[in-house]
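Structure at a glance
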Amino acid sequence: MSTSQSWDPERYARNARFVADLGMPVVELLEPQPGECILDLGCGDGALTAKLVDMGCSVVGVDSSAEQIEAARQIGLDAHVMDGHRLTFEDEFDAVFSNAALHWMGHPDEVIAGVRRALKPGGRFVAECGGHGCVDTIVRALTEALKRRGLWADGINPWYFPTDEEYRERLIRQGFDVKYIALIPRPTPLPGDIGGWLETFAENFTSRVPEAERPAFLEEVREAMRPKLCDAEGAWTADYIRLRFKAVKEG
Ligand code: BEZ
């Protein structure tokens, strides 16, 4: 799975602030306690990391995007560029927390192994990410428009959206006791036109199209999605399905 996705903090703040704003249910599942050491895996610009700090936790954020880590550092967070497949921590954290990041990591067993290493015994892994069927309408529209141009290739889709059963099995195999796991349909109203969402998250697809043809490509994709995702007033909703879970490191 190759990725040409880039992360511009200004663009992310403009089009995707809702990602952190809708993150409170997973923070509540984490039940952070003052004084706890928490790793925020895929912290992005640190919006939720900062919330955990405000709740009295000692938080380290990691993300593969140097631009997002710079944005997180600018608001005073302890944040580091790190690939989630290669976490370097050992027995350091009471909890590993992750919101809207795991679906960008295509090798889940490597991620889970790193999380397990990073946790103290009895530590918890609490996360939310895209789950099976997430943004199906969007993926289908993008895929079909690329196919019509002869531009589709395996590996373009960068997202890993597992079922709850698949992820539960992966966690158990690596020595986690799964306390809660569920797929949660969460149609998500977007702050503006769906073009902003595509610009922010779908670069892996759109970058395949020559720049001069991109406006027509995006218009075609928009029209294909409109019947399912746009209401009569022109408000767009993305067809999100979340996978949310809490698992405890055994042994
Ligand atoms: C998310 O941020 O949750 C997300 C991003 C891309 C595709 C689906 C979900």
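Within each chain, residue numbers correspond to sequence positions counted from 1 in written order. In keeping with the predicted nature of the model, local features appear solely for residues at pLDDT of at least 70, side-chain atom pairs appear and are counted solely at 80 or more, and the whole-chain, interface and lining totals rest on all residues. Excluded from the side-chain calculation are hydrogens and water; included are all heavy atoms of the structure.

1. Considerations on the site of the ligand
Quick reminder of the rule: Definition of nearness: a residue and a molecule or strand are near each other if at least one heavy atom of the residue lies within 4 Å of the molecule or strand. N or O atoms closer than or at 3.5 Å make up a polar contact, with two conditions inside protein: a donor-capable atom paired with an acceptor-capable one, and, for residues adjacent in sequence, both atoms drawn from side chains. Under the convention used here, a 1.4 Å probe and the Shrake-Rupley method define accessible areas, while residue burial counts only the protein chains that appear.
Around the ligand, a shell composed of A100, H103, W104, C134, W159, F161, W197, F201, Y240 and R242 is seen. Here an oxygen atom of the ligand sits 3.0 Å away from a polar atom, N or O, in the side chain of R242. Alone, the ligand offers 260 Å² of accessible surface; in the complex the protein occludes 99% of this.

2. Some details on the packing of helix 6 (residues 136–148) against helix 10 (residues 214–229)
Convention followed: Note on definitions: angles span 0 to 180 degrees between N-to-C directions of axes, and those axes are lines fitted to C-alpha atoms, for helices only across the stretch in contact. Secondary structure follows DSSP: runs of H or I at least 4 residues long count as helices, runs of E at least 2 residues long count as strands, and numbering of each begins at the N terminus. Helix crossings get a hand from a simple test, with the near helix turned counterclockwise from the far one by less than a right angle marking a left-handed crossing and a clockwise turn marking a right-handed one. Here, residues are in contact when the closest pair of their heavy atoms is within 4.5 Å. Asp, Glu, Lys and Arg are counted as charged, while Ala, Val, Leu, Ile, Met, Phe, Trp, Tyr, Cys and Pro are counted as nonpolar; the rest, among them Gly, fall into the polar class.
Relative to each other, helix 6 and helix 10 sit at 145 degrees, their axes nearing to 9 Å. Relative to helix 10, helix 6 is oriented so that their crossing is right-handed. Contact residues: T137, I138, R140, A141, L142, A145, L146 and R148 in helix 6; F217, E220, V221, A224, M225, K228 and L229 in helix 10. Of the residues that constitute the contact of helix 6 with helix 10, the class distribution is 10 nonpolar, one polar and four charged.

3. A few points about the sheet that holds strand 5 (residues 119–130)
Formally: Strands pair, by our definition, only if DSSP identifies at least two bridges between them.
Pairing in this open sheet of seven strands is mixed, and the strands run 3-2-1-4-5-9-6 from one edge to the other. If you trace the sheet from one side to the other, it starts and ends with strand 3 (78–81) and strand 6 (176–185), each paired once. When the angles between neighbouring strand axes are averaged without regard to direction, this sheet yields 15 degrees. With six bridges connecting them, strand 4 (residues 93–99) and strand 5 associate as parallel partners. Pairing of V96 across the sheet is with F125, part of strand 5. Taken strand by strand, helix 4 (residues 66–74) contacts strand 2 (58–63) and strand 3, and its axis lies near 170 degrees from that of strand 3.

4. A few points about the pattern of salt bridges
So the rule is basically this: Salt bridges are defined as contacts in which a side-chain nitrogen from Lys or Arg sits within 4 Å of a carboxyl oxygen from Asp or Glu. Exposure is judged per residue with a 1.4 Å probe applied to protein chains only, and the accessible area is read against the type maximum: over 50% gives exposed, under 20% gives buried, and values in between give partly exposed.
Per the counting criterion, the structure on display carries 22 salt bridges. Across the salt bridge formed by E128 and R242, the nearest N and O atoms sit 3.1 Å from each other. Linking E128 in strand 5 with R242 in strand 9 (residues 241–249), this pair joins segments that are 114 residues apart in sequence. Judged by its relative accessible area of 3%, R242 is buried.

5. Things to note about unusual backbone geometry
Of note, D91 is a non-glycine position whose phi angle comes to about 50 degrees, a positive value. For D91, the location among the structural elements is in the loop between strand 3 and strand 4.

6. With respect to the environment of I181
Among the secondary structure elements, I181 is positioned in strand 6. On a C-alpha basis, the gap between I181 and H132 in space is 13 Å, while along the polypeptide they are 49 residues apart. Not counting residues up to four positions away in its chain, the partners in contact with I181 are D164, Y167, R168, L243, R244 and F245.

7. Notes on the packing of aromatic side chains
This is how it is decided: Whether two aromatic rings pair depends on their centres lying within 6.5 Å, for rings of Phe, Tyr and Trp, where Trp uses its six-membered ring; planes under 30 degrees apart make the pair stacked, over 60 edge-to-face, and the rest tilted.
By the definition in use, this model includes 15 aromatic pairs. On the basis of an interplanar angle of 85 degrees and a centroid distance of 5.2 Å, the ring pair of F89 and F93 is categorised as edge-to-face. For F93, a relative accessible area of 3% translates into the label buried. Look at W104 and W159: their rings are 5.7 Å apart centre to centre, the planes differ by 80 degrees, and that puts the pair in the edge-to-face class. Pair noted here: W104 is in the loop between strand 4 and helix 5 (108–118) and W159 is in the loop between helix 6 and helix 7 (164–173), with a separation of 55 residues, a long-range link. Taking relative accessible area as the criterion, W159 reaches 8% and is therefore assigned buried.

8. Regarding the nonpolar core
The condition that has to hold: Residues enter a nonpolar core if they are buried and are Ala, Val, Leu, Ile, Met, Phe, Trp, Tyr or Cys, with the set joined through side-chain atoms within 4.5 Å.
Among the nonpolar cores identified, the biggest contains 34 residues, and V135, I138, W197, F201 and M225 are the most heavily contacted of them. With six residues, the top contributor of residues to this core is helix 6. If near-sequence neighbours (up to four positions away) are discounted, W197 is found in contact with F18, V135, I138, W159, L190, A202 and Y240. Residues V111, L119, L243 and F245 belong to the second largest nonpolar core, which totals 29 residues.

9. Focus on the environment of R17
Checked against the element boundaries, R17 lands in helix 1 (residues 9–21). Taking the C-alpha atoms as reference points, R17 and A47, 30 residues apart in sequence, are found 8.6 Å from one another.

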